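# Structure assessment
Each chain is listed here by its residues.
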Amino acid sequence: MGEPVTVPLWLFAAIVVFALWSLLDRLLIPSGRWFVRRRLNRLIDRVNQKLAVEIKPFQLTKRQVLIDRLVYDPQVVAAANDHARATNVPREVAMVEVRRYAREIVPTFNAYIYFRFGYSIARAVARFLYRVRLGFADERTLAGVPPNTAVVFVMNHRSNMDYVLVAFLAAERTALSYAVGEWARIWPLQQLIRSMGAYFVRRNSNSPIYRRVLERYVHMATEAGVAQAMYPEGGLSRDGRLREPKLGLFDYMLKSFDPKGTHDIVFVPVALNYDRVLEDRTLLLSGDVPRKRFRTLRGSWHFVLQNLVLVLKGEWRRFGYACVNFGPPVSMREYCRRRGIDFHRLSGEERRRAMGELGAQLMQAVGRVVPVVPVAVMATVFVRHPERALSELELKAEVAPLVAALEARGAHIYVPRGDFDYALSVGLRMLRLRRLVEDRDGLYQARSSELELLRYYSNSIAHLF
């Protein structure tokens, strides 16, 4: 009984490994998960006390559960059956495609990453590159939003910095779920973006089955009251002007919306403007796609290296002001009541017309709160007088009627330090540093080769006139 038992070394090693794995699996890993989950729940409770729109249970649901709900949604299953019959493939093959789309779309929201990691990075990057300002926020924005309300931020799209800037400024109000284009589906960026609650959208997909999966996910998130952020323009503005809205996501959100039901949808107009858009020259490029991509890549590297040299020399400066305005919210329940519309009962041309009117009204609401920043005002003067050389005094005289016209139309003008003279000096200095304007013995004139870029910045506020 007490005699030792001899076993081969390989068997002993296998027993040790199995014992360690059992210890990890049964004791250490569950304890670690409990500890992490406990800290995460405490963080969520603290954050929810500060947010105007709290984190919804839908966002905290396990991703695999949401994927299964989406895959076996009756409308998605019906679309898969139709797809299988139309393409003459087995139903199982169609369901595999559905699951692939669902896994692509559904995010993995992590409150710790969003508020501790993502928020810190967004704040640091935004403040490093710009003087960030919240110019105007309507007092009614998110104030007293009922629990059964889905808040959707509707924004103009000036730069890829928009994601960072709005996430930073809105973090004290809510946790946003972005609709992100395919540009972000690269490793490891897509894992980070998905953990921040964003969902990916194939903007030009014509697949009926994909569109149904996306529609049902948007419906699920909206019905659960998840705060979302969207860019109706569908892409960056290439000339500085507001673009016509694309109505796909609006349509998905409102397809099952009942104005007499318990859930409301509130659209909040958000407008951004910059003294300098990082991608401005890239956005103005034209030509065939391969050549354009090469010029974009070359321009991006030149921009990075140029600024790196300035940093090393100690001559680097931030890119001026980045300003965000939040407009008055638009309740869909009130909108439908005033107009006598019930979107989930409309179809065909009547529905398209009603959606078009809604999209136009929301983009107009965004346009009304576009911040008027110093560079946009100064660029407008030089675009209107491209041949004239103006002194600083003459520039101020030209700006005065522009500002008066903007104020008369209720535009939101951002005046740094509350000093118009300083604001004009800042705008002029930015244009001079970028060599968009020539300085000839105290007389300033637009460079003819840079007029297109000056128009880009002027166009950002052109609709306000």
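Remember, it's a predicted structure, so these values are computed and weren't measured experimentally.

### Section: the nonpolar core
One finds Leu165, Leu176, Tyr178 and Phe382 to be the most contacted residues of the largest nonpolar core, which totals 82 residues. Per-element tally for this core: the top contributor is helix 7 (residues 161-170), with eight residues. Once you skip the residues sitting within four places of it in the chain, Phe382 turns out to touch Leu395, Leu428, Leu431, Val437, Tyr444, Gln445, Ala446, Leu451 and Leu454. In terms of nonpolar packing, the next biggest core, distinct from the first, is built from 55 residues, Val76, Met230, Met253 and Met332 among them.

### Some details on helix 18 (residues 451-462)
In this model, helix 18 (12 residues) spans 15 Å end to end at C-alpha, consistent with the 16 Å of a helix rising 1.5 Å per residue. Most of helix 18 sits inside the fold, with nine of its 12 residues counted as buried. Those residues of helix 18 that sit buried are Leu451, Leu453, Leu454, Tyr456, Tyr457, Ser458, Asn459, Ser460 and Ile461. Where the residues of helix 18 are buried, they touch strand 6 (264-274), helix 11 (280-283), helix 15 (374-384), helix 17 (420-433) and strand 11 (443-446).

### A short note on the sheet that holds strand 11
With respect to topology, three strands assemble into an open sheet ordered 9-11-10, the strand pairing being antiparallel. Each edge of the open sheet is held by one strand with a lone partner, namely strand 9 (390-391) and strand 10 (437-440). As paired elements, strand 9 and strand 11 share two bridges and run antiparallel to each other. Note on strand 11: the bridge partner recorded for Ser391 is Leu443.

### Focus: the pattern of salt bridges
Overall, the coordinates contain 20 salt bridges when judged by the stated rule. Between Arg216 and Asp73 there is a salt bridge, with the nearest N and O atoms lying 3.1 Å from each other. With Arg216 in helix 9 (residues 208-223) and Asp73 in the loop between helix 3 (63-71) and helix 4 (74-87), the pair connects residues that are 143 residues apart, well separated along the chain. Each member of the pair, Arg216 as well as Asp73, carries the same accessibility label: buried. Connected through salt bridges with shared partners, the residues Arg212, Glu215, Asp251, Lys255 and Arg351 form a single ionic network.

About the criteria used
Residues numbered from 1 in each chain as written. Predicted model: local features only at pLDDT ≥ 70, side-chain atom pairs only at ≥ 80, totals over all residues. Heavy atoms only, no water. Core = buried A, V, L, I, M, F, W, Y, C linked by side-chain atoms within 4.5 Å. Buried < 20%, exposed > 50% of the residue type's maximum accessible area, 1.4 Å probe, protein only. Helix = DSSP H or I, 4+ residues; strand = E, 2+ residues; numbered from the N terminus. Contact = heavy atoms within 4.5 Å. Expected span 1.5 Å × (residues − 1). Pairing = 2+ DSSP bridges. Salt bridge = Lys/Arg side-chain N within 4 Å of Asp/Glu carboxyl O.

So far we have only geometry, and geometry alone does not tell us how the molecule works.
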